[in-house]
Amino acid sequence: MSYNNILVSSKDNIAQVTINRPEKLNALNKETILELHNALGDLEEEDSVRVIIITGAGEKAFVAGADISEFADFDEEQGAELAREGQRLLFDFIENLSKPVIAAVNGFALGGGLELAMACHFRVASTNAKMGLPEVSLGVIPGYGGTQRLSLLVGKGKAMEMIMTAGMISAEEAKEYKLVNYVVPQEELLPFTEESIATKILRNSPLAISAAIRAVNACYQDGVNGFETEIEEFGNSFGTDDFIEGTTAFLEKRKANF
Ligand code: COA
């Protein structure tokens, strides 16, 4: 499928989705959100794809936020709908995708851009990356899950400070606050993410990884007992071909072939 605002490629079981509006610092307009939803849904169905990396085009921005020009004249109802639809189509969708989604943050990740990175399962940043939730400077609050996910990732106090000041933090600070797992030079961002992280994931059982995503996410869902989810997912693993292959390979002293 061809898209207007994103590029999708895949090689060796790793897909790369690049938000491609560099002239607008990859700001997320409605069409881009829909394209990301469709592309990620297709990649989830595509058996050959086992890890997905999301990044931004150009050297300046991952995503500089939701497209401000699209909502500047919205009223309360339209504002709520914008947040609800965006969360459903993209942010919650990514968090619950059955395949690992890694954000390779290559520059500004602001507002919806940081929210997008935070909806991914984890993040790697380039040294020039800058992150923040500047929404209150526009008279709104983060609406794509930012108040919730930032608090979970960096803790309430730091989240409150970042949101209230509308400031930006550096990649190194983001690592210190556990918002990103690694910081590497920009030219190494994608090679590092692919070779040092994605390829390690590829060695492991895709079915077990999907189950692990569901179990970890259960920790953050209201009214769900994550320990019970873990017991259930653990039990279900025993009924999979991956479990037979993984344990047999170990006992036969060979590498598992998932
Ligand atoms: N929505 C819509 N357009 C955006 C955008 C956004 N979130 N972020 C950047 N752009 C556009 C600019 O309007 C500009 O377009 P133009 O050339 O047609 O005028 C282009 O991208 C380049 O941005 P510019 O502001 O000129 O770059 P800069 O290097 O001077 O500043 C930023 C970079 C990231 C500091 C600045 O673009 C910015 O503050 N963006 C908004 C960040 C934000 O508040 N995000 C949260 C939105 S809820």
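Some points on the site of the ligand
Thinking step 1. Near the ligand, the surroundings consist of 16 residues, among which Lys24, Lys60, Ala64, Ala66 and Ile68 are the closest.
Thinking step 2. Interatomic distance of 2.6 Å between a side-chain N/O atom of Lys60 and an oxygen atom of the ligand.
Thinking step 3. Here a nitrogen atom of the ligand and a backbone polar atom of Ala64 are 3.0 Å apart.
Thinking step 4. Within the complex, 60% of the 860 Å² of free accessible area of the ligand lies under protein.
Thinking step 5. Counted by class, the shell around the ligand contains nine nonpolar, two polar and five charged residues.

Things to note about the nonpolar core
Thinking step 1. In terms of nonpolar packing, the biggest core is built from 49 residues, with Ile52, Ile54, Met131 and Leu179 touching the most fellow members.
Thinking step 2. Excluding its chain neighbours within four sequence positions, the residues that come into contact with Ile54 are Val17, Ile19, Leu40, Phe62, Ile94, Val101, Ile102, Ala103, Ala104, Leu116 and Cys120.
Thinking step 3. In terms of nonpolar packing, the next biggest core, distinct from the first, is built from 15 residues, Ile102, Ala104, Ala198 and Ile201 among them.

Notes on the packing of helix α4 (residues 112–119) against helix α5 (residues 146–154)
Thinking step 1. Between α4 and α5, the least distance of the axes is 10 Å, while the angle of their chain directions is 55 degrees. Taken as axis vectors, α4 and α5 run oblique relative to one another. Two packed elements cross with a definite hand, and for α4 against α5 that hand is left-handed. Contacts between α4 and α5 involve Glu115, Met118 and Ala119 on the former and, on the latter, Gly146, Arg149, Leu150 and Leu153.
Thinking step 2. Here the contact of α4 with α5 is composed, by residue class, of four nonpolar, one polar and two charged.

About the thresholds
- Residues numbered from 1 in each chain as written.
- Predicted model: local features only at pLDDT ≥ 70, side-chain atom pairs only at ≥ 80, totals over all residues.
- Heavy atoms only, no water.
- Near = heavy atom within 4 Å.
- Polar contact = N/O pair within 3.5 Å; in protein donor to acceptor, adjacent residues only side chain to side chain.
- Areas by Shrake-Rupley, 256 points an atom, 1.4 Å probe, with all protein chains shown as cover.
- Nonpolar A, V, L, I, M, F, W, Y, C, P; charged D, E, K, R; others polar.
- Core = buried A, V, L, I, M, F, W, Y, C linked by side-chain atoms within 4.5 Å.
- Buried < 20%, exposed > 50% of the residue type's maximum accessible area, 1.4 Å probe, protein only.
- Contact = heavy atoms within 4.5 Å.
- Axes fitted to C-alpha atoms, helices over the stretch in contact; angles between N-to-C directions.
- Helix = DSSP H or I, 4+ residues; strand = E, 2+ residues; numbered from the N terminus.
- Parallel < 35°, antiparallel > 145°, perpendicular 65-115°, else oblique.
- Left-handed = near helix turned anticlockwise from the far one by under 90°.

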